[in-house]
Amino acid sequence: MFSKLNKEDTILRFSLRFLGILTFLGTIMFFMLSKAQDIHLPSYVSYLIIAFGLITAGISHFSVRHSSFRFTALLLVSLFIAIIGTFQQMNISLLFIIPIFLSYCFQSKKKAYLCIYLNLFFFNFSKIFKSYNIYIVNPAVYEFKKILLSNLIIGLFETIIFLTVAMPIFMLLIKQNNELKKSLKEREDATNDILQFCSTATSFHNKYLSIHIKGVRDITKILLDALIEGGVYIAPEYYDQIVFSVQFHDIGKIYIDSSILDKKGRLTPDEFTLIKEHPDRGLELFSLLPKNVLDEDYMRTCKNVIYQHHERLDGSGYPTGTKNISFEAKIVAIADVIDALLSWRPYKPPLSWDNLVSILEKEKAGFNYECLKVIYKEKDKILAVSDENNKALKQLLGLSGEDIIRQ
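Rules of the game
Residues numbered from 1 in each chain as written. Predicted model: local features only at pLDDT ≥ 70, side-chain atom pairs only at ≥ 80, totals over all residues. Heavy atoms only, no water. Axes fitted to C-alpha atoms, helices over the stretch in contact; angles between N-to-C directions. Helix = DSSP H or I, 4+ residues; strand = E, 2+ residues; numbered from the N terminus. Parallel < 35°, antiparallel > 145°, perpendicular 65-115°, else oblique. Left-handed = near helix turned anticlockwise from the far one by under 90°. Contact = heavy atoms within 4.5 Å. Nonpolar A, V, L, I, M, F, W, Y, C, P; charged D, E, K, R; others polar. Phe/Tyr/Trp six-rings, centres within 6.5 Å; stacked < 30°, edge-to-face > 60°. Lys NZ or Arg CZ within 6 Å of the ring centre and 35° of its normal. Salt bridge = Lys/Arg side-chain N within 4 Å of Asp/Glu carboxyl O. Buried < 20%, exposed > 50% of the residue type's maximum accessible area, 1.4 Å probe, protein only. Patch = residues over 30% accessible without salt bridge, like charges linked within 9 Å, V, L, I, M, F, W, Y side chains within 5 Å. Areas by Shrake-Rupley, 256 points an atom, 1.4 Å probe, with all protein chains shown as cover. pLDDT = per-residue confidence, 0-100.

Q: Could you give me a rundown of the packing of helix α9 (residues 236-245) against helix α13 (residues 296-308), with the residues and numbers involved?
A: The angle between the axes and the distance between the axes are what describe a pair of packed helices. At a minimum axis separation of 9 Å, α9 and α13 run at an interaxial angle of 45°. It follows that α9 is oblique to α13 by the angle criterion. Crossing hand, α9 versus α13: right-handed. Counting all contacts with α9, which are made through E237, Y238, D240, Q241, I242, F244 and S245, the residues of α13 involved are D297, Y298, T301, C302 and V305. Residues that form the contact of α9 with α13 fall into these classes: six nonpolar, three polar and three charged.

Okay, here's the thing in structure tokens:
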């Protein structure tokens with residue numbers, strides 16, 4: 001899987017697609033009624049309304065994947081409803097609440113109010129078209145000014161009724177939403193404090209881990225950005241979850257004695273066995289966090305990264321040797337390897353880019369093919385991250401050429 005959606009985004013995408021289909025069908029209906037002479041308007045006005053409906057349907061479909069167009073799509077759909085509704089015998093003004101409510105839930109209060117007032121304006125403005133449509137049927141019987149005045153008065157009463165019914169509900173939603181935002185902000189602050197404590201504790205246990213975490217996080221972002229640029233869809237919140245999870249991927253190393261982590265030489269089989277336990281230990285430790293600290297998707301992503309970032313697609317990894325690896329773990333796994341190979345360690349100097357490529361090619365069966373491709377493409381960005389981190393590492397560890405035991 002290259003994409004992952006949260007529940008709210010799934011609902012919004014479905015709603016936008018559904019509204020887009022309704023808009024398209026409404027446009028076809030308007031076109032057929034115009035052809036059948038059930039709607040009498042100047043041809044250029046009819047064509048403008050049809051074009052507006054088709055463009056609105058297209059933007060609604062386009063906005064499913066491009067969130068920056070979502071409010072525009074919701075606004076255009078609601079305006080289209082307002083215009084089309086005046087040509088029907090039934091009053092569909094209450095249907096405004098669909099796009100208005102969506103714009104409120106997923107955008108902002110100001111945009112929702114804008115949606116309401118523009119809807120009401122266009123609903124009443126389009127009464128001109130409806131009056132003309134009635135007048136043109138029998139000009140000898142109907143007087144355009146009287147019909148227009150009558151429809152505007154009816155529109156005014158419809159507007160008052162709509163505001164009377166909808167606005168109290170809307171104000172209640174605003175109040176509840178503000179209280180919810182306050183509650184979520186307090187929870188977020190408490191969550192950040194707990195998570196910052198966990199991350200800081202990991203860094204204090206081993207002096208180079210904080211720089212390693214930063215390096216893996218930066219390389220992870222480079223990989224994700226390159227995949228997105230290459231056409232892979234990664235939902236924005238899923239992107240944030242993956243980047244967020246990096247700070248916990250080595251949390252299990254708290255259980256490993258720092259003398260092993262800082263050893264200037266090859267590890268013994270027993271020491272390496274202890275190292276290989278850190279995914280299990282990290283998962284155990286992370287699972288102790290209260291369930292309400294993070295939402296379900298964030299928790300799942302973090303746990304996958306913690307437990308699987310040393311697994312390989314060919315089954316050669318640990319702790320389980322599984323080939324069924326989550327996408328987030330595939331990304332962090334290769335970012336972890338790149339940072340480790342390109343960085344100073346107590347037991348080795350950083351490898352050159354050519355040596356890194358040689359190792360990755362030798363072990364490419366264990367890594368995601370798409371990730372390997374973008375790594376070679378993003379050489380300059382990755383080396384820039386590595387160079388910056390190595391300056392800090394060399395100073396932090398007090399390393400010199402004599403301190404390094406080369407493998």
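Q: Which residues make up the packing of aromatic side chains, and what values do they have?
A: A complete count under the given rule lists ten aromatic pairs for this structure. Geometrically, the ring pair formed by F62 and F69 is edge-to-face, given 5.1 Å between the ring centres and 80° between the ring planes. Aromatic side chains F121 and F125 sit 5.9 Å apart centroid to centroid with 20° between the ring planes, which places their arrangement in the stacked category. In this pair, F121 and F125 are both assigned in helix α5 (residues 109-125), four residues apart and thus about one turn of the helix distant. Put simply, the rings of F244, F248, F286 and Y298 touch in pairs and so form one group of aromatic residues. When the ring centre of Y255 is taken as origin, the NZ or CZ atom of R281, which lies over that ring, is 5.2 Å away.

Q: Lay out the pattern of salt bridges with the relevant residues and their values.
A: As enumerated under the stated definition, the model contains eleven salt bridges in all. A salt bridge links K146 to E143; the shortest N-O distance between them is 3.8 Å. Taking relative accessible area as the criterion, K146 reaches 58% and is therefore assigned exposed. The class for E143 is partly exposed, based on a relative accessible area of 42%. One salt-bridge network, held together by shared partners, links K214, D218 and E388.

Q: Tell me about the environment of I222, and please be specific about residues and values.
A: Inspection of the secondary structure assignment puts I222 in helix α8 (residues 209-229). Sequence spacing of I222 and V385 is 163 residues, and the spatial spacing of their C-alpha atoms is 9.7 Å.

Q: Please give an account of the packing of α13 against helix α14 (residues 327-342) that cites residues and values.
A: Running from amino to carboxyl end, α13 crosses α14 at an angle of 45°, the nearest separation of the two axes being 8 Å. Between α13 and α14, the angle is such that the two are oblique. The interaxial crossing formed by α13 with α14 has right-handed handedness. Every residue of α14 that contacts α13 at R300, T301, N304, V305 and Q308 is listed here: E328, A329 and V332. Partitioned by chemical class, the residues of the contact of α13 with α14 number three nonpolar, three polar and two charged.

Q: Residues and numbers for the side chain of E378, please.
A: Following the sequence through the fold, E378 ends up in the loop between α16 (369-377) and α17 (379-397). Classification of E378 by relative accessible area gives buried; the value is 8%. Once you skip the residues sitting within four places of it in the chain, E378 turns out to touch I222 and A226.

Q: Quick one: what's the story with a nonpolar patch on the surface, residue by residue and with numbers?
A: Taken together, F14, F18, I21, L22, F24, L25, I28, F31, M32 and L54 make up a surface patch of nonpolar side chains, about 980 Å² in accessible area. Tallying contributions element by element places helix α1 (residues 7-35) first for the nonpolar patch, with nine residues. Considering the arrangement of structural elements, one finds M32 in helix α1. Residue class for M32 comes out exposed when judged on its relative accessible area of 53%.

Q: Tell me about the confidence of the model for the chain, and please be specific about residues and values.
A: Considering every residue of the chain, the mean pLDDT works out to 80; 84% of them sit at 70 or more. Looking at the elements of the chain, mean pLDDT is at its lowest for helix α4 (residues 97-106), recorded as 62, and at its highest for α14, recorded as 94. Here residues 1-5 is modelled with pLDDT under 50, and outside its nearest four sequence neighbours on either side it reaches 21 contacts, counting other chains as well. A low-confidence stretch, residues 401-407 stays under pLDDT 50, and its non-local contacts, those more than four residues away or across chains, total 16 contacts.

Q: Account for α9, with residues named and values stated.
A: α9 sits mainly inside the fold: seven of its ten residues count as buried. Of the residues making up α9, those classed as buried are Y238, Y239, Q241, I242, V243, F244 and S245.

Q: Could you give me a rundown of unusual backbone geometry, with the residues and numbers involved?
A: Omega for the peptide link from Y318 to P319 comes to 15°, which places this bond in the cis form. Of note, P319 is situated in the loop between α13 and α14.

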